[in-house]
Amino acid sequence: MFRTALRNVLAHKGRLLMTALAVMLGTAFVAGTMVFSDTLGKAMSNSYAKSFSDVSVQVTHYGAGSDRSSRSGKADVKLTDATIKDISALPGAERVRGIVSGFTAVADKNGNRIGESWDTRGGNYVPDASGKDPRYPIAEGRGPQSTGEIALDKETAAKGGYKVGDSVRIAGKGPVQKSTLTGIFTTDDPDVSSGATLALMDTVSAQKFLLTPGQFSGIAVTAKPGVSQDALLAEVKAKLPDTNPFESRTQQQLTAEQETMIASGTSAMKTMLLVFAAISLFVGIFIIANTFTMLIAQRTKELALLRAVGASRRQVTNSVLVEALLIGATASVAGLISGIGIGAGMQALIRALTPAMPTGPLVIAPLTVVVALVVGVLVTVLSAVLPAVRASRIAPVAAMSSGDQPATQKSLVIRNIIGSVIAGGGVALVAMGAASGDSSGRVPVGAGAALALIGVFILLPLLSRPVIALVGPLLAKLAGTPGKLARQNAVRNPRRTAATAAALTIGLTLVSALTVLGASVGDAVDKAVTSAMRADYSIGMANGNRMSAEVASQVASAAGVAASSPVYDSDLVLPNSRYSPAKGLDAAVFDQLIRPTLDAGSTDALAKGQILIDTDVAKADKLTVGAGVEVEYADGTKGTVTVGGIFKRNEMLAPVLMANADLLKHDDQATIREVLVKGKDGATSALQQGIKDATGQNPVIDVKSKQDIRDEFSKIITFALNMMYGLLAMSVLVAILGVINTLAMSVFERKREIGMLRAIGLDRGGIKRMVRLESVVISLFGAAIGVALGCFVAWAVNGTLKSSITGLATVIPYDKMAIFLALAGLVGLVAAIWPARRASRLDILESIKTD
């Protein structure tokens, strides 16, 4: 039987090609993901390890230079020159270096910030006896030596168009500062290699600019020869106060922490990629099962003869499974090799996009090899189990008959009943979860969506006839006889049509669901910005830190400003010891800047010393307009305030709104995170430039219009969707292979029929149109079901997010749904090119006499 299986594989290798390709693509995705993530993780670990090459013990002051202040009035313990002197005197310390680090934005020549806010930093240049800092080799010029001098990393200098001697604008906690570029350096700092900007100053200047004079954010200690890191760590800790904001770690601990962080990041990336690889393999299951089902139908006589000459059912089953095993093993090996190539290609792509990104030799772990081979073989063999069982049930007497052995009516009825029960149960669970309106419904929605999808897949044969029948008249009108034949062929074998369409259904379900979710969240954000913000511009710090009152005054003095107010952030303790964020604005201009949707009361109440609360607070404490509420302020004092208005919850607003005058009475350390501005002529480029000029063209300050805020959220959603579309492209490609495979094998089955059609007058063009339209109909059927399922799943997920995202409603972008359907039709046309060409070139007489 093994030899029989081997001969069958060799005899039908052309028909099994698409199946092997589907398995190969899936395993290549898996192997490529694992190779790439392992290689990237190893390269980054090696790169970060270099950062601590001269460090035996490092002391870090968390919060150094932050805008947090102690409300208790206790002095903050700092790392100073005295601390460095004490540590330098330790018996085990050979070298001690003070570290100064903090947020530093660098402006280009147009005043715009170079790089993103989260990866722009500054540090201190610490020359050794040779006058150079070995961590930062100078490529041009020299290192900074005095106040007003800086050095930039090579990439940042290139992005800003700077050369040695140019004036560079930088900003951190304070106002913008002009400095002279004295040097351009290279570094193997992994953050800089990943695209971060780094500006270096002399130590005294860096302390003044980033922290406070004489303060360090960390200390790096190198041990003397023969002194262990643990022994030096104990010595260092003994010199630091028992109660302090410092953390001391050895080089091994620092490296281990970095490796853990990198492993966590690459693991998350690997998991996400493997999920999409699993989707591709899942789609491949339908192709494999469909292929073996069709092959077995075509070999009915052959299998019946084997039974007639003595082969048992088990032997027939094993013969089919051995065929699957051979295909799976061959395709998995090819997929592993391709995956290694994909991993190398992804590494080359990363290197091309970010030349300074850490790279290294490809890492091909034994686990990668095992997983790729085992997954490919298992998926192929498991997909062939049901077709193998059906093959074993072919009676020996079938050797005397011809043609396909159709599924019995009973089997289809049972299948439809099972599918209906599963789909109905899934829909019920989804409806129950969506009705909850909060996170508690996510588990029922997830389980229900999975059951509904499975149920619909089972019911696809039942759905194929009525859905495809809807386009029958259109096909007949547009394409005549080929159109009629295409519709009949598409519904001739519902199981086959369903299996072929299911591959596209899976991909379109995920794509449609993600698209609807993205549109819904985007709409909610847009409504929140539009409904709550009357101001034309929001001004804030790019790094999210507090803004000085001086900046707020500068903004107010800008030409073209009609009204402005700093927005102060504080906290209140409400009844039942519930902490609540509170925002303060100038009561006099509140209505020009903010537009809360009031359920009761008036915004005029702020000027009377009253507060506005959102509906959640009102509901939790059963408060109404005019009610007094006991609160505890940030300074610890308590008092009773009157509720002057109740507004609908909005993500852009805090639950409690107050007048700045009242808020600052009880919290003189309240932070300004934002300044709102209303222009005399609305949002104009002149006003935006005027605000930038008034604040000294500070690269840390962002001036955003309402549209900018919308676009910011939109970019995040668009990026996430595009990434998902790209990852799902592999499953769509596998689905295309499935359509090609089904059509090609269907053409082989219908050789006699096609020959008869040619004999009675249907020309080659008509045959091509028939096959193409059949492909398009099947593709559109799968896509339509997928789009409907995707919209349903998105609606259910939105139901569980309503408590987290105010104003969330399901928004279906019909234009994009139409594009998806059009692309599915195009996929059908492309998939039919080869099968249609093959069908049209069949010899009439040879086809008619086919047995």
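Residues numbered from 1 in each chain as written. Predicted model: local features only at pLDDT ≥ 70, side-chain atom pairs only at ≥ 80, totals over all residues. Heavy atoms only, no water.

Trainee: Could you clarify how one ought to interpret the overall build of the protein chain in this entry?
Mentor: Along the backbone of the protein chain there are 28 helices and 22 strands. In terms of overall dimensions, the protein chain has C-alpha extents of about 100 × 75 × 50 Å along its principal axes. The 851 residues of the protein chain split such that 48% are buried. When contacts within the protein chain are restricted to residue pairs at least 6 apart in sequence, long-range pairs at least 24 apart make up 81% of them. For the protein chain, the exposed surface amounts to about 38,400 Å²; the carbon and sulfur share of it is 60%. Positive and negative charge centroids in the protein chain, built from 84 and 66 side chains respectively, lie 15 Å apart. (Helix = DSSP H or I, 4+ residues; strand = E, 2+ residues; numbered from the N terminus. Buried < 20%, exposed > 50% of the residue type's maximum accessible area, 1.4 Å probe, protein only. Contact = heavy atoms within 4.5 Å. Areas by Shrake-Rupley, 256 points an atom, 1.4 Å probe, with all protein chains shown as cover. Lys, Arg positive; Asp, Glu negative; His and termini not counted. Charge placed at Lys NZ, Arg CZ, Asp CG, Glu CD.)

Trainee: Which parts of the structure should I look at to understand the pattern of salt bridges?
Mentor: Once their charged atoms are close, side chains differing in charge can pair, the charge on each being opposite to the other. Per the stated rule, a full pass over the model turns up 21 salt bridges. The closest approach of N and O atoms between Glu257 and Arg249, which form a salt bridge, is 2.4 Å. Accessibility expressed as a relative area gives 8% for Arg249, which makes it buried. The shortest N-O distance in the salt bridge between Lys704 and Glu712 comes to 2.5 Å. Residues joined in a network through salt bridges with shared partners are Lys109, Lys163 and Asp166. (Salt bridge = Lys/Arg side-chain N within 4 Å of Asp/Glu carboxyl O.)

Trainee: Honestly, the packing of aromatic side chains in this entry has me stumped. Any pointers?
Mentor: In this description, an aromatic ring pair is defined by two values, namely the gap between the centres and the angle between the planes. A complete count under the given rule lists three aromatic pairs for this structure. For the ring pair Tyr725 and Phe820, a centre distance of 6.3 Å and an interplane angle of 75° mean the geometry is edge-to-face. Of this pair, Tyr725 sits in helix 23 (residues 706-749) while Phe820 sits in helix 26 (residues 814-831), placing them 95 residues apart in sequence. On the accessibility criterion, Tyr725 (26% relative accessible area) is partly exposed. Take Phe820: its relative accessible area is 13%, and that puts it in the buried class. (Phe/Tyr/Trp six-rings, centres within 6.5 Å; stacked < 30°, edge-to-face > 60°.)

Trainee: What is the right way to read the layout of surface pockets from this model?
Mentor: Taking a probe equal in size to a water molecule and rolling it over the atoms shows the remaining empty space. Taken as a whole, the second largest pocket spans an internal volume of roughly 1,300 Å³. Contributing elements (two or more residues each) for the lining of the second largest pocket: strand 13 (537-541), strand 15 (578-585), strand 21 (671-679), helix 22 (685-694), strand 22 (701-705) and helix 23. For the lining of the second largest pocket, the leading source of residues is helix 23, giving six residues. Here the lining of the second largest pocket is composed, by residue class, of 18 nonpolar, 14 polar and 13 charged. (1 Å grid on protein atoms, 1.4 Å probe; cavity = no way out; pocket = protein on both sides within 12 Å on 5 of 7 lines; lining within 4 Å. Points joined across faces, edges and corners; volume = space filled by probe spheres on them. Nonpolar A, V, L, I, M, F, W, Y, C, P; charged D, E, K, R; others polar.)

Trainee: Please clarify how the sheet that holds strand 1 (residues 57-61) should be interpreted in this entry.
Mentor: For sheets, the rule is that strands pair by backbone hydrogen bonds, running either parallel or antiparallel. Taking strand neighbours across the sheet as the criterion, the four strands line up as 2-11-1-12 in an open arrangement whose pairing is antiparallel. Each end of this open sheet is capped by a strand with a single partner; those strands are strand 2 (93-99) and strand 12 (246-250). Shown here is a sheet whose adjacent strand axes are inclined to one another by a mean of 15°, direction ignored. As judged from the four bridges shared by strand 1 and strand 11 (residues 218-223), these two strands associate in the antiparallel manner. Looking at strand 11, one finds that Val57 is bridged to Val221. Packing of helix 3 (residues 81-88) onto the sheet brings it into contact with strand 2 and strand 11, and relative to strand 2 it is tilted by some 165°. Seen against the sheet, helix 7 (residues 229-239) touches strand 1, strand 2, strand 11 and strand 12 and runs at an angle of roughly 160° to strand 12. (Pairing = 2+ DSSP bridges. Axes fitted to C-alpha atoms, helices over the stretch in contact; angles between N-to-C directions.)

Trainee: Please explain the pairing of strand 19 (residues 638-647) as it appears in this structure.
Mentor: As a general feature of sheets, a regular strand has side chains that alternate between the two faces. Summarising burial for strand 19: seven of the ten residues are buried, a large majority. Direction of pairing for strand 16 (residues 598-601) relative to strand 19: antiparallel, over a ladder of three bridges. Looking at the pairing, Ala600 lines up with Ile646 of strand 19. In terms of strand pairing, strand 18 (residues 628-632) meets strand 19 through five bridges, oriented antiparallel. Within strand 19, the position partnered with Glu632 by the bridge is Lys638.

Trainee: Could you clarify how one ought to interpret helix 6 (residues 203-210) in this entry?
Mentor: Along helix 6, the positions that sit buried rather than exposed are Ser205, Ala206, Gln207, Phe209 and Leu210. Each element contacted by the buried residues of helix 6 is listed here: strand 3 (101-103), strand 5 (120-125), strand 8 (167-171), strand 9 (177-185) and strand 10 (197-202).

Trainee: So what exactly am I meant to see when it comes to empty space enclosed by the protein here?
Mentor: The final tally for this structure, using the stated rule, is five cavities of 30 Å³ or more. In this structure, the second largest cavity spans a volume of roughly 50 Å³. If you trace the second largest cavity, you find it lined by Phe286, Ile287, Asn290, Thr291, Ala499, Thr500, Ala503, Gly738, Asn741 and Thr742. Listed by contribution, the elements that provide at least two residues to the lining of the second largest cavity are helix 8 (251-298), helix 17 (494-532) and helix 23. Sort the elements by how many residues they give to the lining of the second largest cavity and helix 8 lands first, with four residues. Taken together, the residues of the lining of the second largest cavity sort by class into four nonpolar, six polar and no charged.

Trainee: Just checking my understanding: could you explain the nonpolar core for this structure?
Mentor: As a rule of thumb, nonpolar side chains are buried together in soluble globular proteins. The biggest cluster of nonpolar side chains holds 85 residues, and the ones touching the most others in it are Val283, Phe292, Leu303, Leu460 and Ile767. Element by element, the count of residues in this core is highest for helix 25 (residues 764-801), at twelve residues. In contact with Val283, not counting residues within four places along its chain, are Ala503, Ile506, Ser731, Val734 and Ala735. With 40 residues, the next largest nonpolar core counts Ile539, Leu572, Ala627 and Ile691 among its residues. (Core = buried A, V, L, I, M, F, W, Y, C linked by side-chain atoms within 4.5 Å.)

Trainee: Can you help me understand unusual backbone geometry in this one?
Mentor: Phi is mostly negative for residues that are not glycine, and the peptide bonds are mostly trans. Backbone geometry at Lys622 places phi at a positive 55°, although glycine is not the residue there. If you trace the backbone, Lys622 turns up in the loop between helix 20 (615-621) and strand 18. On the basis of relative accessibility, which here comes to 77%, the residue Lys622 falls in the exposed class. One non-glycine residue with positive phi stands out, namely Gln697, at about 50°. Looking at the element boundaries, Gln697 is found in the loop between helix 22 and strand 22.

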